[in-house]
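# Overview (structure and organization)
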Amino acid sequence: MNQESGGSHGGLPSGAERARLVREMFDRIAGRYELLNKIMTAGLNRIWNRKVIRASGLRPGDRALDLACGTGSLTRDLAGKVGERGRVLGVDFSREMLAAAKRRPAPNVEYRLGDATELEGVESGSFEAATIAYGARNIPDLDALFGEMARAVVPGGRVVCLEIARPGSRIPALFYGMWFDRVVPWIGARVSGDAWAYSYLPCSVKEFVAPEVLSEIMRRNGLRHVRWQRLAGGIITLHSGTKR
Ligand SMILES: C[S@@+](CC[C@H](N)C(=O)[O-])C[C@H]1O[C@@H](n2cnc3c(N)ncnc32)[C@H](O)[C@@H]1O
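Residues numbered from 1 in each chain as written. Predicted model: local features only at pLDDT ≥ 70, side-chain atom pairs only at ≥ 80, totals over all residues. Heavy atoms only, no water.

## Quick notes on the overall build of the chain
Across its full length, the chain holds 9 helices and 7 strands. Relative to the 2.2 N^0.38 estimate, which gives 18 Å for 244 residues, the radius of gyration of the chain is 17 Å and therefore close to what a compact globule would have. When the backbone C-alpha atoms are referred to their principal axes, the chain occupies close to 45 × 40 × 35 Å. Considering the chain as a whole, with its 244 residues, one finds that 52% of them fall into the buried category. Residue pairs in contact within the chain that sit at least 24 positions apart in sequence constitute 69% of those at least 6 positions apart. Accessible surface computed for the chain: about 11,200 Å², of which carbon and sulfur atoms make up 52%. Taking the average location of the 36 positive side-chain charges in the chain and that of its 26 negative ones, the two points are 7 Å from each other. (Helix = DSSP H or I, 4+ residues; strand = E, 2+ residues; numbered from the N terminus. Rg over C-alpha atoms; globule rule 2.2 N^0.38 Å. Buried < 20%, exposed > 50% of the residue type's maximum accessible area, 1.4 Å probe, protein only. Contact = heavy atoms within 4.5 Å. Areas by Shrake-Rupley, 256 points an atom, 1.4 Å probe, with all protein chains shown as cover. Lys, Arg positive; Asp, Glu negative; His and termini not counted. Charge placed at Lys NZ, Arg CZ, Asp CG, Glu CD.)

Structure follows, in structure tokens:
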């Protein structure tokens, strides 16, 4: 996509237009997504996945819902945790991201095309935990997202959100400015061939709500004991809450 079709990133569109741009962007970069993710997180994404799993409270035999599952990086790690007696449903609205996920199938994982803000065919209270990693930032209607996550889990079940954030302190902020505003768009454009996608990334992080606001959104959508922490010097946040 070029700047004419996608627009500049200042003031990203919302609603259906934003969803279309995001879906088309992930369709285009699906083939290179995991490689780029590994490069850009220096391989730390698997460690952060483990933190998500710990926060989810999942145990062998449980059922997990992974929204905006993309190519299935977290989904597969969740499947490893719940084991062969458990099951994981991964939902994403990008056909190409899901196609990449399905190339690495697991017997206890189902992938489904769908919108995280309007989960069709997902019964209320049918999962012990619902997770989303690097997805919330792409979804303008966070009330709809967390409303659906809370609806999908059993009372006492956990909702966990991992996201890229603006760092709180000055030193990581300097590093962050270098890395996300310059290095990431540069590497992303070269490896994926899609300059728009990897300049969208830092813009979407800048536009995303502050961690305290995200906590409040989770609370008002039926979650209690909402906690959050910063990881990786502040550039990643991990939120979790428990369904009432
Ligand atoms: C940055 S990727 C994250 C993929 C994966 N969770 C991971 O850990 O690598 C964001 C994903 O969110 C998906 N997405 C964005 N908005 C969505 C929505 N409303 N419903 C479902 N998927 C959505 C995109 O298609 C994309 O695959």
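Following the structure, the description resumes.
## Looking at the packing of helix α2 (residues 15-40) against helix α7 (residues 170-192)
Across the interface, α2 lies against α7 with an axial gap of 10 Å and an inter-helix angle of 140 degrees. By the angle between their axes, α2 is oblique relative to α7. Handedness of the crossing formed by α2 with α7: right-handed. Contacts between α2 and α7 pair Ile 29, Arg 32, Leu 35, Leu 36, Ile 39 and Met 40 from the former with Trp 179, Val 184, Ile 187, Gly 188, Val 191 and Ser 192 from the latter. Considered class by class, the residues forming the contact of α2 with α7 number 9 nonpolar, 2 polar and 1 charged. (Axes fitted to C-alpha atoms, helices over the stretch in contact; angles between N-to-C directions. Parallel < 35°, antiparallel > 145°, perpendicular 65-115°, else oblique. Left-handed = near helix turned anticlockwise from the far one by under 90°. Nonpolar A, V, L, I, M, F, W, Y, C, P; charged D, E, K, R; others polar.)

## Examining the sheet that holds strand β5 (residues 153-164)
The mixed open sheet is built from 7 strands, whose spatial order is β3-β2-β1-β4-β5-β7-β6. For this open sheet the edge positions go to β3 (109-113) and β6 (223-231), each flanked by a neighbour on one side alone. Across the sheet, the mean angle separating the axes of adjacent strands is 15 degrees when strand polarity is ignored. Pairing between strand β1 (residues 63-67) and strand β2 (residues 87-92): 5 bridges, direction parallel. Residue pairing in the sheet places Leu 67 in a bridge with Val 91 of β2. Taken strand by strand, helix α3 (residues 45-56) contacts β4 (127-133), β5, β6 and β7 (236-243), and its axis lies near 160 degrees from that of β5. (Pairing = 2+ DSSP bridges.)

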